[in-house]
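Listed here are the chains, written in short residue letters.
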Amino acid sequence: CMVHGFRHTLPLLGLFVIFFGCSEKVERVAIKAPNLGQDLCIIVQEDIGEAEGEYLSLKEILDPAFQGAGISNTCKDGAPVLAIRMVVKPLSEVYQIKSGFKMLDQLKLYTGASISSIISYAVEQEEKFIVRLSGEKKCPQTLSIVKDANRQRTPLNAPYREAMEDCGLYDRLSEIVGELYGPAAEAGFYLGLVRGPNSNKPNTYYPGTVGDRINSFGKPGIDLLLAALNQDEDIRVRGGVSLTLHSHVNLLDESAIEPLISALNDESGGAGSYASSALTNLTGRKWGRSWTLWWTWWKWRQLLSLPVIDTSRNGK
């Protein structure tokens, strides 16, 4: 009977969409994990040697990440201690640079970098674990053209980001936060990393993403990401979350559909495009970024209690 009356019901559904499905203006805030009410003494030591300059320090990058995880950095008596020590070394090579048919003078360029770090965790002065990490971006053997040569003459512009990615420091810290405080805290740590500090200084150790750590977030962590997708005030966070969810759509379920639809009109960092792609991969439907089509389909499936997830997709 419902199928037979579809043609007559659709106009009513259209009115439903118009009156109840209109996008409301969202009051955006910085989305964080719930405050854990637990103190943690976080000590960050950074030996940068020749790389000294006006750029974001590791501590400045990690502070908003721990805040996002709901962790208070307080070194009270008896508080657990998380110590992070990082040693940064720029690597140089002397190159004979060629520009067209002209050979230029030999130049010493900082085209490599190495990073080593130690993470330790202690409770009541008893060390519970220690982790050693290292990463390196090797200097290329030859450079045949002049490309960013002037920038590479200073150790400040050595490829620290690549060395940091190879080191895996952010991934390991994310994992530690998840092990100590749970998946929602780990998701909040990721959001804080993407948000970064409120500073105009260059971010030499740009964290990018936390890789495949999202696989350990669980539903509490995914729910926090979905809240950030719609409500976070920072366009970098909304764009980064949309890309992360798009890349890990196999972790999403029906609860992700409405937040993804709400993100379709967000131009921040490609959020709308990634949300559209995630919806297609999740449901098998191909309606691009048409909020009206997605919303009408979604409400109609809910009304008829019909399945919405494409069970033939990989990972399901």
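See the structure above.
It should be emphasised that the depicted structure is a prediction, and the values quoted were computed from it without experimental measurement. (Residues numbered from 1 in each chain as written. Predicted model: local features only at pLDDT ≥ 70, side-chain atom pairs only at ≥ 80, totals over all residues. Heavy atoms only, no water.)

The subject of this paragraph is the packing of aromatic side chains. Applying the stated criterion across every chain, the model contains seven aromatic pairs. Between the aromatic rings of Phe66 and Phe189, the centroid separation amounts to 5.3 Å while the plane-to-plane angle is 70°, which identifies the pairing as edge-to-face. One end of the pair, Phe66, is in helix H2 (residues 58–68); the other, Phe189, is in helix H5 (residues 183–195), with 123 residues separating them in the sequence. We classify Phe189 as buried; its relative accessible area is 0%. Here Trp294 and Trp297 contribute two aromatic rings whose centre-to-centre distance is 5.9 Å and whose plane-to-plane angle is 85°, an arrangement assigned as edge-to-face. Of this pair, Trp294 and Trp297 both sit in helix H10 (residues 291–303), separated by three residues, roughly a single helical turn. In this pair, the class of Trp294 matches that of Trp297, namely buried. Ring-pair connections join several aromatic residues into one group, and the members of that group are Trp287, Trp294 and Trp297. (Phe/Tyr/Trp six-rings, centres within 6.5 Å; stacked < 30°, edge-to-face > 60°. Helix = DSSP H or I, 4+ residues; strand = E, 2+ residues; numbered from the N terminus. Buried < 20%, exposed > 50% of the residue type's maximum accessible area, 1.4 Å probe, protein only.)

Glancing now at the packing of H2 against helix H4 (residues 169–181). One way to put it is that H2 packs onto H4 with a least axis distance of 12 Å and a crossing angle of 30°. When you trace H2 past H4, the crossing you get is right-handed. Here Leu58, Ile61, Leu62 and Phe66 of H2 lie close against H4, whose contacting residues are Leu169, Tyr170, Leu173 and Val177. Considering only residue class, the contact of H2 with H4 consists of eight nonpolar, no polar and no charged. (Axes fitted to C-alpha atoms, helices over the stretch in contact; angles between N-to-C directions. Left-handed = near helix turned anticlockwise from the far one by under 90°. Contact = heavy atoms within 4.5 Å. Nonpolar A, V, L, I, M, F, W, Y, C, P; charged D, E, K, R; others polar.)

It is worth spelling out H2 at this point. Of all the residues in H2, the buried ones are Leu58, Ile61, Leu62, Pro64, Ala65, Phe66 and Gly68. In the stretch just after H2, Gly70 is the one whose phi turns positive, near 80°.

In this structure, Leu62, Phe66, Ile84, Ile119, Leu169 and Phe189 are the most contacted members of the largest nonpolar core, which totals 37 residues. Mapped by element, the contributors of at least two residues to this core are strand S1 (39–47), H2, strand S3 (81–99), strand S4 (102–123), strand S5 (126–137), helix H3 (160–167), H4 and H5. Top contributing element to this core by residue count: H4, with six residues. Setting aside residues up to four positions removed in sequence, Ile84 forms contacts with Ile42, Ile43, Val44, Gln45, Leu58, Leu62, Phe66, Ile118, Ile119, Leu169 and Leu173. The next biggest cluster of nonpolar side chains, apart from the first, holds 35 residues, and it includes Val249, Leu260, Leu264 and Leu279. (Core = buried A, V, L, I, M, F, W, Y, C linked by side-chain atoms within 4.5 Å.)

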